[in-house]
Amino acid sequence: MKKQNSGMLSLKESRKISKENFRITKEFEKNKKRKVDASFYTTTMHNNENVIEFDDLHTFFFTDLGVVKSVNGISFDISKNSIVGLVGESGCGKSVTSLSIMQLVQAPQGQIVSGEIRFNNDTLGLDEEGHAKCFDIVKMPTDQMYKIRGKDITMIFQEPMTSLNPVFTVGYQLDEVILLHQEGATKEIAKEKSIEMLKLVGISDAESVYKRYPHQLSGGMRQRVMIAMALAGNPKLIIADEPTTALDVTIQAQILELLKDVQKKTSASILLITHDLGVIAEMADYVVVMYAGRIVEKGTVLEIFENPLHPYTIGLQKSKPLINSDNDDPLYSIPGQVPNPINMLNTCFFKDRCERCIQKCETGYPNEIKVTKTHSVFCYLYEDVKEEVK
Ligand SMILES: Nc1ncnc2c1ncn2[C@@H]1O[C@H](COP(=O)(O)OP(=O)(O)O)[C@@H](O)[C@H]1O
Ligand code: SF4
Ligand SMILES: [Mg+2]
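All values derive from a computational prediction rather than experimental measurement.

1. Remarks on the overall build of the chain
Next, step 1: Within the chain, the secondary structure is distributed over 12 helices and 13 strands.
Next, step 2: Radius of gyration (C-alpha) of the chain: 22 Å, near the 21 Å computed for a compact globule of 390 residues.
Next, step 3: Projected onto the principal axes, the alpha-carbon positions of the chain cover approximately 65 × 60 × 50 Å.
Next, step 4: Burial analysis of the chain (390 residues in total) assigns 39% to the buried set.
Next, step 5: Look at the contacts in the chain between residues 6 or more apart in sequence, and 65% of them connect residues 24 or more apart.

Below, the structure written as structure tokens:
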């Protein structure tokens, strides 16, 4: 795109982009409403032990300033009965990833443009070769998505009041979820299950909380209610996007402990999104590090904490506050900022902030280097390792 000297787009250029965006997004919106056969959005898992597999997912925003590539070709899996931590600074694309799973990216400007999100809810059986049949969320029409969203896949947000309705009681809202998703549920059954869910999330006076309105509860209590709501449909995958950021430190620890406990009791998997590596260390089995819309490193929690490789992962670890530290030195922070992923050059996106940049880093975006079966990194510093492993 030609730019004026100031780096700003001219009105003419901006109008042209806007017109083009309208054309592109209209097509995507049309596709979401198409009547298609189930075979169109059914595929098979690459590994039956996974609940979800992201495969080269791209989610873009078509803005008047250009295309924001918020999620730019990410691939990772979440195995059944596990907690996967998705970490990166603010603006790295974590929330857009989670909204893509739910098909809740802000439309029409936000669209999943390519890739697959294979979701295995264990209801479709196996194909002739024994692979689990599953949905490809990217291809699912909106009306089909309603059947899994809020039931098989649920979400816990940072701010509970964005999901809890202030004018209805906690009990009413919980009952609604159960009545919607549990076949044959009566009001009595729903109430019973709601109270059971409130107890499961550690609310001892469940009967009384059931009758209260959200504003009558503390922040920590509201977050517990949100978790109860997320559990009400017996989900396979719970997405928790910065679930404790708005809470004070002691309550944070309690909620994280609760999430861990709930994960064990229900065997659902959790995608835990946070900017805080400390939280990941406590909670996750597997870690995915994102930067400017791409994955820069992924591995088991041990691999990421004992042998972090990408300079960005190392920087995040250095900037993690140490509990019990009596050191008064100011906390390290990675110099610079996450770029807005628009018109990015085809080189390592972290290059401008990287202290270990080598000549090769000028040559193109680094490929994935598999260090172990579970650990991989996208960085030129480890090219030799690749040869050793292969
Ligand atoms: N509705 C939107 N319109 C345009 N750009 C957006 C929108 N939502 C998010 N983005 C951009 O996508 C990138 C990733 O955002 P997000 O996923 O919210 O980051 P994170 O959750 O990691 O903090 C950011 O550059 C952000 O500005
Ligand atoms: S590829 Fe180069 S610029 Fe990017 S993180 Fe590695 S060393 Fe730094
Ligand atoms: Mg976010």
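2. Side note on the sheet that holds strand E4 (residues 83–87)
Next, step 1: Read from one edge to the other, the open sheet built from eight strands follows the order E7-E8-E9-E4-E10-E11-E13-E12, with strand pairing classed as mixed. The open sheet has two edge strands with one neighbour each: strand E7 (153–156) and strand E12 (369–370).
Next, step 2: Lying over the sheet, helix H7 (residues 219–231) contacts E7 and strand E8 (237–241), oriented at roughly 175° with respect to E7.

3. Comments concerning the site of ligand 2
Next, step 1: If you check the shell around ligand 2, you find 14 residues, and the closest are Cys348, Lys351, Cys354, Cys361 and Cys379.
Next, step 2: Taken together, the residues that form the shell around ligand 2 break down as 11 nonpolar, one polar and two charged.

4. Quick notes on the sheet that holds strand E5 (residues 110–119)
Next, step 1: Strand order in the open sheet formed by five strands is E1-E6-E5-E2-E3, and the pairing between neighbours is antiparallel. Looking at strand neighbours, the two that pair on one side only are strand E1 (42–44) and strand E3 (66–79), the edges of this open sheet. Recorded for the sheet is a direction-independent mean angle of 15° between the axes of neighbouring strands.
Next, step 2: Here three bridges tie E1 to strand E6 (residues 133–136), and the two strands are oriented antiparallel to one another.

5. Comments concerning the environment of Ser194
Next, step 1: If you trace the backbone, Ser194 turns up in helix H5 (residues 187–200).
Next, step 2: Residue classification places Ser194 among the buried residues on the basis of 25 C-beta atoms within 10 Å.
Next, step 3: With 19 residues separating them in the primary sequence, Ser194 and Asp175 have C-alpha atoms 6.1 Å apart.

6. Focus: the site of ligand 1
Next, step 1: Taken together, 17 residues form the shell around ligand 1, and within it Phe61, Ser70, Lys94, Ser95 and Val96 come nearest.
Next, step 2: Those elements that place two or more of their residues in the shell around ligand 1 are strand E2 (50–63), E3 and helix H2 (94–102).
Next, step 3: Tallied by class, the residues present in the shell around ligand 1 amount to five nonpolar, 11 polar and one charged.

7. Section: the packing of helix H4 (residues 170–181) against H5
Next, step 1: Relative orientation of the contacting elements H4 and H5 amounts to 115°, with a least axis distance of 8 Å. As far as their axial angle goes, H5 and H4 are roughly perpendicular. The hand of the H4/H5 crossing is right-handed. The segment H4 lies against H5, with Gly171, Leu174, Asp175, Ile178 and Leu179 engaging Lys187, Ala190, Lys191, Lys193, Ser194 and Met197.
Next, step 2: When the residues that make up the contact of H4 with H5 are grouped by side-chain class, the tally is five nonpolar, two polar and four charged.

8. Side note on H7
Next, step 1: With 13 residues, H7 extends 19 Å from end C-alpha to end C-alpha; this agrees with the ideal 18 Å at 1.5 Å per step.
Next, step 2: Of the residues making up H7, those classed as buried are Met221, Arg222, Gln223, Arg224, Val225, Met226, Ile227, Ala228, Met229, Ala230 and Leu231.
Next, step 3: Elements that come into contact with the buried residues of H7 comprise E7, H4, H5, E8 and helix H8 (249–266).

9. Description of the confidence of the model for the chain
Next, step 1: Chain-level pLDDT for the chain is 91 on average; 95% of the residues reach the 70-or-more range.
Next, step 2: Across residues 1–5, confidence stays below pLDDT 50; counting only partners more than four residues off in sequence or on other chains, it has five contacts.

10. Description of H8
Next, step 1: With 18 residues, H8 should cover 26 Å at 1.5 Å per step; its first-to-last C-alpha distance of 26 Å lies within 8% of that length.
Next, step 2: Within the sequence span of H8, burial applies to Ile255, Leu259, Val262 and Gln263. Viewed end-on, H8 has its buried residues packed into an arc of 100°, placing them on one side of the element. Turned more than 90 degrees from where H8 packs its buried face, Val249, Thr250, Lys264 and Lys265 sit exposed.
Next, step 3: Residues of H8 that are buried make contact with E4, H5, H7, E8 and strand E9 (269–274).

Conventions adopted
One numbering rule holds for all chains: residues counted from 1, following each sequence as written. Each chain takes a letter, starting from A, and each ligand takes a number, starting from 1, following the order in which they are written. In keeping with the predicted nature of the model, local features appear solely for residues at pLDDT of at least 70, side-chain atom pairs appear and are counted solely at 80 or more, and the whole-chain, interface and lining totals rest on all residues. Going along the chain from the N terminus, every DSSP run of H or I of four or more residues is numbered as a helix, and every run of E of two or more is numbered as a strand. Values of the radius of gyration come from C-alpha atoms, whereas the globule rule sets the reference at 2.2 Å times the count of residues to the power 0.38. Any residue whose C-beta has 12 or fewer other C-beta atoms within 10 Å is treated as exposed, any with 20 or more as buried, and any in between as partly exposed, C-beta atoms being built from the backbone. Any pair of residues counts as being in contact when their C-beta atoms, constructed from backbone geometry, are within 7 Å of one another. The rule for pairing is simple: two strands pair if DSSP sees at least two bridges between them. Every axis in this analysis is a line fitted to C-alpha atoms, fitted for helices over the stretch in contact. Angles between the N-to-C directions lie between 0 and 180 degrees. Using the backbone to place each C-beta atom, any residue with that atom within 6 Å of a molecule or strand is considered near it. Under the scheme applied, nonpolar residues are Ala, Val, Leu, Ile, Met, Phe, Trp, Tyr, Cys and Pro; charged residues are Asp, Glu, Lys and Arg; polar residues are all the others, including Gly. Orientation labels follow simple angle bins: below 35 degrees gives roughly parallel, above 145 gives roughly antiparallel, 65 to 115 gives roughly perpendicular, and whatever is left gives oblique. Two helices cross in a left-handed way if the nearer one is turned anticlockwise from the farther one by less than a right angle. They cross in a right-handed way if the turn is clockwise. By definition here, a helix of n residues has an expected span of 1.5 Å times n minus one. Every residue is assigned a pLDDT by the predictor, reflecting its confidence on a scale from 0 to 100. Directions from the helix axis toward the C-beta atoms define the arc.

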